[in-house]
Amino acid sequence: MMAVKQTAGREALGEFAPKFAQLNDDVLFGEVWSREDKLSLRDRSLVTVTALMAQGLTDSSLQHHLMAAKQNGITKSEIAEILTHAAFYAGWPKAWAAFRMAKDIWTEDGTDARTAHANAMVFPIGQPNDGFAQYFTGQSYLAPLSTQQVGIFNVTFEPGCRNNWHIHHADRGGGQILVCVAGRGWYQEWGQEARALHPGDVVNIPVGVKHWHGAAADSWFSHLAVEVPGENGSNEWLEAVDDAPYGKLDQ
Ligand code: MN
């Protein structure tokens, strides 16, 4: 039995109410939610969402549990059926409130999320980045913005996509500047903690530093990649970023 890892209690109330935080993280989630051999996470989500809606608790806790329900495998058509069914027992207006939230959460994926991401930036997503696909995990896209003087490319990563470890080389000058334009991503230098990236962030990558950049596991991400002019510039592509350390970044 794998314990469901939960740190929300300690993060929100660890200082103010340490016992409540401990009960929330270690008992409610660590013990009750973790009894997957007795009842699946999916079914526990179904019960929890219904219980919260029945109380009219359509706040951030319902939002959190609807997102968890989606992660735990409840599909769009199932949540629509669950809330419709519960509406007769819990109350019509409560179902309306829950549906408003559920609709956003279950339409975030697929083409809707890509469209939302495209609408959040002024630069195009461009074309599938086939030329560099061998150096990426997941699908990326490339839109050349400037190909004279200084090369500037808008690079878009689907959720979970990142490039391999790599090094920008040059004899003089060189390196790369990232300007984050939309979504959420990560940048990491070899031997250092990963740095979370948000729109407006700028990363200066010196020559000779082994690093990778890409999207968060659950978010599209775009950055401008500025090629700093240098002599004898080249890119050295290395190994992929392992799933295990990458998967821990958002936890
Ligand atoms: Mn780079």
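Below is a summary of the structure that appears in this document. (Residues numbered from 1 in each chain as written. Predicted model: local features only at pLDDT ≥ 70, side-chain atom pairs only at ≥ 80, totals over all residues. Heavy atoms only, no water.)

This part covers the overall build of the protein chain. Each helix and strand in the protein chain was counted, giving eight helices and 15 strands. For the protein chain, the C-alpha atoms occupy an extent of roughly 70 × 35 × 35 Å along the three principal directions. Across the 251 residues in the protein chain, those meeting the buried criterion constitute 37%. Partitioning the intrachain contacts of the protein chain with sequence separation of at least 6 by distance along the chain shows that 68% fall at a separation of at least 24. Accessible area of the protein chain: about 14,300 Å², with a carbon and sulfur share of 55%. The centroid of the 19 positive side-chain charges in the protein chain is displaced by 7 Å from the centroid of its 29 negative side-chain charges. (Helix = DSSP H or I, 4+ residues; strand = E, 2+ residues; numbered from the N terminus. Buried < 20%, exposed > 50% of the residue type's maximum accessible area, 1.4 Å probe, protein only. Contact = heavy atoms within 4.5 Å. Areas by Shrake-Rupley, 256 points an atom, 1.4 Å probe, with all protein chains shown as cover. Lys, Arg positive; Asp, Glu negative; His and termini not counted. Charge placed at Lys NZ, Arg CZ, Asp CG, Glu CD.)

Attention shifts here to the sheet that holds strand β4 (residues 152-157). With antiparallel pairing, the six strands of this open sheet are ordered in space as β1-β3-β4-β13-β8-β11. Looking at which strands have only one partner, the edges of the open sheet turn out to be β1 (127-128) and β11 (202-205). (Pairing = 2+ DSSP bridges.)

At a minimum axis distance of 10 Å, the contact between helix α3 (residues 41-54) and helix α5 (residues 76-90) shows a crossing angle of 40°. One element, α3, and the other, α5, form an angle in the oblique class. The two elements α3 and α5 cross, and the hand of that crossing is right-handed. Across the interface between the two elements, R42, L46, V49, T50, M53 and A54 from α3 touch E78, I79, I82, L83, A86, A87 and A90 from α5. Its residues assigned to classes, the contact of α3 with α5 shows 10 nonpolar, one polar and two charged. (Axes fitted to C-alpha atoms, helices over the stretch in contact; angles between N-to-C directions. Parallel < 35°, antiparallel > 145°, perpendicular 65-115°, else oblique. Left-handed = near helix turned anticlockwise from the far one by under 90°. Nonpolar A, V, L, I, M, F, W, Y, C, P; charged D, E, K, R; others polar.)

Our next topic: a nonpolar patch on the surface. Together, F88, Y89, W92 and W96 make up an exposed nonpolar region whose accessible area comes to about 630 Å². Counting only elements with at least two residues in the nonpolar patch, the list comes to α5 and α6 (92-106). Its location among the elements puts Y89 in helix α5. (Patch = residues over 30% accessible without salt bridge, like charges linked within 9 Å, V, L, I, M, F, W, Y side chains within 5 Å. Salt bridge = Lys/Arg side-chain N within 4 Å of Asp/Glu carboxyl O.)

Here we take up the packing of aromatic side chains. What the rule picks out here adds up to 11 aromatic pairs. Three or more aromatic residues link up through ring pairs in this structure, and these residues are F132, Y135, F136, F157, F221 and W237. A cation over an aromatic ring shows up here: R114 above the ring of Y141, its NZ or CZ 4.9 Å from the ring centre. Taking the ring centre of Y246 as reference, the NZ or CZ of R162 above it sits at 4.1 Å. (Phe/Tyr/Trp six-rings, centres within 6.5 Å; stacked < 30°, edge-to-face > 60°. Lys NZ or Arg CZ within 6 Å of the ring centre and 35° of its normal.)

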